[in-house]
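# Summary of the model geometry
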Amino acid sequence: MYRRSLPKLLWYRLTQWVVGGVSRVYFRVRRRGMKHMPAEGPVVLLANHQSHLDPPLIGCFMPRPLGYLARDTLFSGFLGPLIRSYDAIPIDRDGSGLAGIRATLKRIKQGDAVLMFPEGTRSEDGKLQPLKPGFIALVRRGKASIVPLGIAGTYEAYPRGKTLPAPRPVALVCGKAIPPEELAKLDDEALLDLVAERIADCYAQARHVAGYGLT
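In this report, the structure presented in the accompanying data block is examined.

Cut-offs applied
- Residues numbered from 1 in each chain as written.
- Predicted model: local features only at pLDDT ≥ 70, side-chain atom pairs only at ≥ 80, totals over all residues.
- Heavy atoms only, no water.
- Phe/Tyr/Trp six-rings, centres within 6.5 Å; stacked < 30°, edge-to-face > 60°.
- Helix = DSSP H or I, 4+ residues; strand = E, 2+ residues; numbered from the N terminus.
- Buried < 20%, exposed > 50% of the residue type's maximum accessible area, 1.4 Å probe, protein only.
- Pairing = 2+ DSSP bridges.
- Axes fitted to C-alpha atoms, helices over the stretch in contact; angles between N-to-C directions.
- Contact = heavy atoms within 4.5 Å.

For the coordinates displayed, the defined rule picks out three aromatic pairs. With a centroid separation of 6.2 Å and 35° between ring planes, the pair formed by Trp11 and Tyr86 is classed as tilted. Here Tyr86 lies in the loop between helix 3 (80-85) and strand 4 (89-91) and Trp11 lies in helix 1 (residues 6-26), a separation of 75 residues in the sequence. Trp11 sits in the partly exposed class, given a relative accessible area of 34%. Residues Tyr12 and Tyr86 carry aromatic rings whose centres are separated by 5.9 Å and whose planes lie at 75° to one another, so their mutual orientation is edge-to-face. On the criterion of sequence distance, the pair formed by Tyr12 in helix 1 and Tyr86 in the loop between helix 3 and strand 4 is long-range, its members being 74 residues apart. Given the relative accessible area of 18%, Tyr86 is considered buried. Through pairs of rings, three or more aromatic residues link up here, namely Trp11, Tyr12 and Tyr86.

Shown next as C-alpha cells:
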C-alpha cells in the first residue's frame, strides 16, 4: 500500500486548503461529482488538458491526494523541491520514458490515485484533442479503476502564452468510476472510445456549469 509520509500529507492538505480557498474566490470554482472518486484502491484519474492551472486545481478539489507526473527536468530546477514535496513521478519525455512508466505502474499497483492527461499536452484552442492510448496498459496491468474528469474555464483563464491567469470561472465535473472488471471486457479500441466519450461528456457538463455553453 502506498502511503505518503505524515509531513508530506500535511503539506498536501495545507496547500489544498490555501490554494483551494484562493481559487474558489478568484476563479469561482464549481464542482460536481467529486463523490465518484473511490475512497481507496488504485485509480487513474483521466482529464482533459487546457492549461498549467489544471493539475493544481484538480488536485485541490479531489477528496483524496493525487499522484502527479512531471517532466524529469523540473526536478533539478528551482521547482524541484516543491515538485518532490508532492511525491510527483519524474517522466523523461525526451527519451524512452520507461523509468517513469515503471514508477507510475508501481504507484498504481500500490493503490495510489494518479492524475493523467491522455491528450498528452495542453489544448491550443481550448477544444478537446484526440486521446493517446498510453494509459491503457497502465490501467490494465495496475488493475485500476478509471475516473473521467472534465475541467472547463482554465483555457479562458490561462491559455498558452499568457503571463498571468485571469479571473474567469472554472468548473470541474467528475464522472462515475469505471471499475477494472468492466474495463477487462473491452478491447483497447473500445476502451479508448469509452474514455474519450466520458471525458467529453464531463467537459460539456463543466462548460455548462461554468457558464460557457457548448463549444
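Our focus in this paragraph is the sheet that holds strand 5 (residues 113-116). Here five strands make up an open sheet; going across it, the order is 1-7-6-2-5 and the pairing mixed. Sheet topology places strand 1 (30-32) and strand 5 at the edges, where each strand pairs with a single neighbour. The average angle at which neighbouring strand axes cross in this sheet is 20°, direction not considered. In the packing of helix 2 (residues 54-61) onto the sheet, the strands contacted are strand 1, strand 2 (43-47), strand 5, strand 6 (145-152) and strand 7 (171-174), and the crossing angle to strand 6 comes to about 115°.

Without other data, these values stay purely geometric and don't point to any function.
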